[in-house]
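Coordinate inspection notes
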Amino acid sequence: GQQLNQSPQSMFIQEGEDVSMNCTSSSIFNTWLWYKQEPGEGPVLLIALYKAGELTSNGRLTAQFGITRKDSFLNISASIPSDVGIYFCAGNYGGSQGNLIFGKGTKLSVKP
Amino acid sequence: SQTIHQWPATLVQPVGSPLSLECTVEGTSNPNLYWYRQAAGRGLQLLFYSIGIGQISSEVPQNLSASRPQDRQFILSSKKLLLSDSGFYLCAWTLPGSTDTQYFGPGTRLTVL
């Protein structure tokens, strides 16, 4: 079946540092989404990307839809303690109705 | 604006007992609805999805079932819970006809003892 490879699996960084994570797929995706999940809560949508090459920002977050349509990255600039959580990428390859595929997440820890 | 609710927020049930989790969406009509299970805070597993009242598609064979009795209501059920059913259950919705941007509810933490 379809799979997304998300890396890194976890990150331990100092407050103020920039963060970069990415997802790759063996298949072409039509949509890339990035979510953040905090403990005990549902994932919250951060950024949605719909076109190859699209670069979108949401505050300190920037994400890009890879030109090949098989990858996406998320950058967080000047991290702060509240950035802690698990970040998930998700992609839509245009199959059946339930066709959003999720990466396994990047766990981010920020040291003040 | 649209909102999604799940209840209960937490649930502790004995093995072999029945289960009913509820999800409702407000502020939209005929949404696509999804049930996911998440184990150990990672990895979302799609369980069921629905594109309309009474229409349910199952992604993973198991002892769980889903129903959609009303347009904006999605129910996850089991007749007899197993230990392996423990996890964090998430409901999500998308706009009608869309499978792209999914919005998640707050989740239900289920512990089966």
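Look up a bit, the structure's there.
Given the structure is predicted, the values throughout are model-derived calculations rather than measurements.

1. Re the overall build of chain A
When you go through chain A residue by residue, the secondary structure sums to 0 helices and 11 strands. The helix and strand sequence of chain A, counted from the amino end, reads β-β-β-β-β-β-β-β-β-β-β. For 112 residues, the compact-globule estimate of 2.2 N^0.38 gives 13 Å, and the C-alpha radius of gyration of chain A, at 14 Å, lies within 12% of that figure. Each of the three principal axes of chain A carries a C-alpha extent, and together these read 45 × 30 × 20 Å. Counting over 112 residues, chain A shows a buried share of 45%. Taking as baseline every contact in chain A between residues at least 6 positions apart, the subset at least 24 positions apart corresponds to 53%. Carbon and sulfur atoms provide 50% of the accessible area of chain A, an area that totals close to 5,300 Å².

2. With respect to unusual backbone geometry
The omega angle of the peptide bond from A:Ser7 to A:Pro8 is -5°, so this bond is cis rather than trans. Its place among the elements puts A:Pro8 in the loop between strand S1 (4-7) and strand S2 (10-14). B:Pro8 follows B:Trp7 through a cis peptide bond whose omega is 0°. Position of B:Pro8 relative to the elements: it lies in the loop between strand S1 (3-7) and strand S2 (10-13). Even without being glycine, A:Arg69 reaches a positive phi, approximately 65°. With respect to the helices, strands and loops of the structure, A:Arg69 is situated in the loop between strand S7 (61-65) and strand S8 (71-76). The backbone of A:Ala78 shows a phi angle near 45°, a positive value even though the residue is not glycine.

3. Thoughts on the sheet that holds strand S3 (residues 19-25) of chain A
Residue and element names in this part refer to chain A. Across the sheet, 5 strands lie side by side as S1-S3-S8-S7-S6; this open sheet has antiparallel pairing. Of all the strands in the sheet, the pair left with one neighbour each is S1 and strand S6 (55-58). Ignoring which end each strand starts from, the neighbouring axes of this sheet average 15° apart.

4. Quick notes on the packing of aromatic side chains
Counting across every chain of the model gives 10 aromatic pairs over all chains. Centroid distance A:Tyr35 to B:Phe104: 5.4 Å. Interplanar angle 85°. Geometry classified as edge-to-face. Remark: B:Phe104 occurs in strand S10 (residues 103-104) and A:Tyr35 occurs in strand S4 (residues 31-37); the pair is interchain, linking two chains. The residues A:Tyr35 and B:Phe104 share a single accessibility class, namely buried. Ring geometry for B:Trp35 versus B:Phe74: centroids 6.1 Å apart, planes at 25°, classification stacked. Here the residue B:Trp35 occupies a position in strand S4 (residues 32-39), and B:Phe74 occupies one in strand S8 (residues 73-78), the gap between them amounting to 39 residues. Owing to a relative accessible area of 0%, B:Trp35 belongs among the buried residues under this scheme. For B:Phe74, a relative accessible area of 0% corresponds to the buried category. Taken together, the aromatic side chains of A:Tyr35, A:Phe102, B:Tyr34, B:Tyr36, B:Tyr49 and B:Phe104 make up a single cluster linked through ring pairs.

5. Description of the state of the cysteines
Residues and elements named next belong to chain A. For the coordinates displayed, the defined rule picks out 2 disulfides over all chains. With a sulfur-sulfur separation of 1.7 Å, Cys-23 is cross-linked through a disulfide to Cys-89. Measuring the twist about the S-S bond at about -85°, one finds the Cys-23-Cys-89 disulfide to be left-handed. In this pair, Cys-23 is assigned in strand S3 and Cys-89 in strand S9 (residues 85-92), connecting sequence segments 66 residues apart. Taking the relative accessible area as the measure of exposure, Cys-23 reaches 0% and is therefore buried.

6. With respect to the interface of chain B and chain A
At the interface, 21 residues of chain B touch 24 residues of chain A. Taking both sides of the interface into account, the surface hidden between chain B and chain A amounts to around 1,700 Å²; carbon and sulfur atoms contribute 54%. Remark: the boundary between chain B and chain A carries 0 salt bridges. Taken together, the connections running from chain B to chain A amount to 3 residue pairs in polar contact (both at pLDDT 80 or more). For the side of chain B that touches chain A, the secondary-structure elements that each account for two or more residues are S4, strand S5 (42-52), strand S9 (87-94) and S10 of chain B. The residue makeup of the side of chain B that touches chain A, split by class, is 11 nonpolar, 8 polar and 2 charged.

Basis of the calculations
Residues numbered from 1 in each chain as written. Chains lettered and ligands numbered in written order. Predicted model: local features only at pLDDT ≥ 70, side-chain atom pairs only at ≥ 80, totals over all residues. Heavy atoms only, no water. Helix = DSSP H or I, 4+ residues; strand = E, 2+ residues; numbered from the N terminus. Rg over C-alpha atoms; globule rule 2.2 N^0.38 Å. Buried < 20%, exposed > 50% of the residue type's maximum accessible area, 1.4 Å probe, protein only. Contact = heavy atoms within 4.5 Å. Areas by Shrake-Rupley, 256 points an atom, 1.4 Å probe, with all protein chains shown as cover. Pairing = 2+ DSSP bridges. Axes fitted to C-alpha atoms, helices over the stretch in contact; angles between N-to-C directions. Phe/Tyr/Trp six-rings, centres within 6.5 Å; stacked < 30°, edge-to-face > 60°. Disulfide = S-S within 2.5 Å. Buried area = accessible area lost by both parts, 1.4 Å probe. Salt bridge = Lys/Arg side-chain N within 4 Å of Asp/Glu carboxyl O. Polar contact = N/O pair within 3.5 Å; in protein donor to acceptor, adjacent residues only side chain to side chain. Nonpolar A, V, L, I, M, F, W, Y, C, P; charged D, E, K, R; others polar.

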